[in-house]
Amino acid sequence: MAPTLLVSRRLPPVVEQRAAASYSARLNANDEPYSAERLLALAQGADGLLVCPGNTVDAALIGRLPASVKIVATYSVGFDHIDVKAAAQRGLVVTNTPEVLTDATADTAILLMLAAARRAGEGERLLRAGQWDGWRPTQLLGTHVSGKRLGILGMGRIGQAVAKRARGFDMVIHYSDIRRLGPAQEQGAIYHADPDELLGHVDVLSLHMPGGADTAKFLNAARLARLPKGAVVVNSARGTLVDDDALIAALKSGHIAAAGLDVYANEPHLHAGYRTLENVCLLPHLGSATVETRNAMGFRALDNLDAFFAGKPPPDRVA
Ligand code: DGY
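Residues numbered from 1 in each chain as written. Predicted model: local features only at pLDDT ≥ 70, side-chain atom pairs only at ≥ 80, totals over all residues. Heavy atoms only, no water.

A. Structural context of the environment of Ala258. Position of Ala258 among the secondary structure elements: in strand 11 (residues 256–261). Residues Ala258 and Pro228, 30 residues apart in the sequence, show an inter-C-alpha distance of 12 Å. (Helix = DSSP H or I, 4+ residues; strand = E, 2+ residues; numbered from the N terminus.)

B. Spatial organisation of the site of the ligand. The ligand sits among Ser76, Val77, Gly78, Leu101, Arg238, His285 and Ser288. Here Val77 contributes a backbone N or O atom positioned 2.7 Å from an oxygen atom of the ligand. Arg238 is positioned with one of its side-chain polar atoms (N or O) 2.7 Å from an oxygen atom of the ligand. Relative to its unbound accessible surface of 230 Å², the ligand loses 90% to contact with the protein. Considered class by class, the residues forming the shell around the ligand number two nonpolar, four polar and one charged. (Near = heavy atom within 4 Å. Polar contact = N/O pair within 3.5 Å; in protein donor to acceptor, adjacent residues only side chain to side chain. Areas by Shrake-Rupley, 256 points an atom, 1.4 Å probe, with all protein chains shown as cover. Nonpolar A, V, L, I, M, F, W, Y, C, P; charged D, E, K, R; others polar.)

C. Spotlight on the pattern of salt bridges. This model, assessed by the stated rule, comprises 18 salt bridges. Note that Glu99 and Arg157 form a salt bridge whose closest N and O atoms lie 3.8 Å from each other. Residue Glu99 is located in the loop between strand 5 (93–95) and helix 5 (102–117), and its partner Arg157 is located in helix 7 (residues 157–167); the two are separated by 58 residues in the primary sequence. Take Glu99: its relative accessible area is 43%, and that puts it in the partly exposed class. Beyond isolated ion pairs, a larger network of salt bridges with shared partners links Glu99, Arg157, Arg300 and Asp316. (Salt bridge = Lys/Arg side-chain N within 4 Å of Asp/Glu carboxyl O. Buried < 20%, exposed > 50% of the residue type's maximum accessible area, 1.4 Å probe, protein only.)

D. Layout of the side chain of Asp196. Along the chain, Asp196 falls in helix 9 (residues 195–199). Apart from the residues within four sequence positions on either side, Asp196 is in contact with Phe218, Arg223 and Arg226. (Contact = heavy atoms within 4.5 Å.)

E. Structural context of helix 1 (residues 13–22). Those residues of helix 1 lying buried are Val15, Glu16 and Ala19. Each buried residue of helix 1 sits inside an arc of 95° when the element is viewed along its axis, so together they form one side. Pointing more than 90 degrees away from the buried face of helix 1 are the exposed residues Pro13, Gln17 and Ala21. For helix 1, the secondary structure elements touched by its buried residues are strand 2 (24–26) and helix 13 (291–309). (Arc of directions from axis to C-beta.)

F. Layout of the sheet that holds strand 5. If you trace the five strands from one edge of the open sheet to the other, you get 2-1-3-4-5, paired in parallel fashion. Each end of this open sheet is capped by a strand with a single partner; those strands are strand 2 and strand 5. The average undirected angle you get between the axes of adjacent strands in this sheet is 20°. As paired strands, strand 4 (residues 71–74) and strand 5 are joined by three bridges and run parallel to one another. Within strand 5, the residue paired with Ile71 across the bridge is Val93. Along the sheet, helix 13 contacts strand 1 (4–7), strand 3 (48–51), strand 4 and strand 5; its crossing angle with strand 4, the most-contacted strand, is approximately 160°. (Pairing = 2+ DSSP bridges. Axes fitted to C-alpha atoms, helices over the stretch in contact; angles between N-to-C directions.)

See the structure below:
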């Protein structure tokens, strides 16, 4: 008999078709954002869960999962919404979807860098409001990014893909990570063992660290103050990395010229202070939102589930 799989959100059609072909799949046809209680109720008798970043799988929920549930596959590379320690203690396998969203997310970081630096959001709002009075030499002057210094915090797959793209703009790459890359991967990028030390050397800062308690509010007032005046900040990783009050204050004072954000600490809610700021470009967590990538993420999650239920090690096991 096919294992029963609870799927927490509507997935792309080809992914749902494959899930329905291989599993007794409990799909979310109405794309209802399940509360913890609803998820638990629907998980009764399920063998596995396929969840998304919006589903908090914390120790409390893990403790209440029916004993039948043996695996949680998240439709994401980030897994800070899952308490992997609590999962491991309960013997619950957890998998994620690395690699397949590297390019789409790196593209989004570059999109945000350019949109913020070149004031694209302000320009679009001007046009939509019918307030554009024609070309003027001093209108909406932004910050040049070509040839500037890009600081990448977190030089994993996505950080490296951002660096590759930024080299196309002749940007000088600085990075920090817990480990220094080898020369072939580094490609001339300048390593800073101390991320705080990197901050004084960059014109654009792009965050690519994991979320979670260890990195919460990493970009705080003290670190923002270390960035040169006029720097641009990009976050396509996790909203929890940023102290929103501090970033909003820095954007208001002009110390930070502009920011591009795709992710927020308490999604889908964002700090109200961002809404009225012209110099921040806001996207609704679109990093991996391409048809190709979302299909690939679904297939990767199903590959992990298939392996697990076939008695093989899931390739992307994180707990
Ligand atoms: C992830 O996979 O972690 C992303 O945030 C979803 O795009």
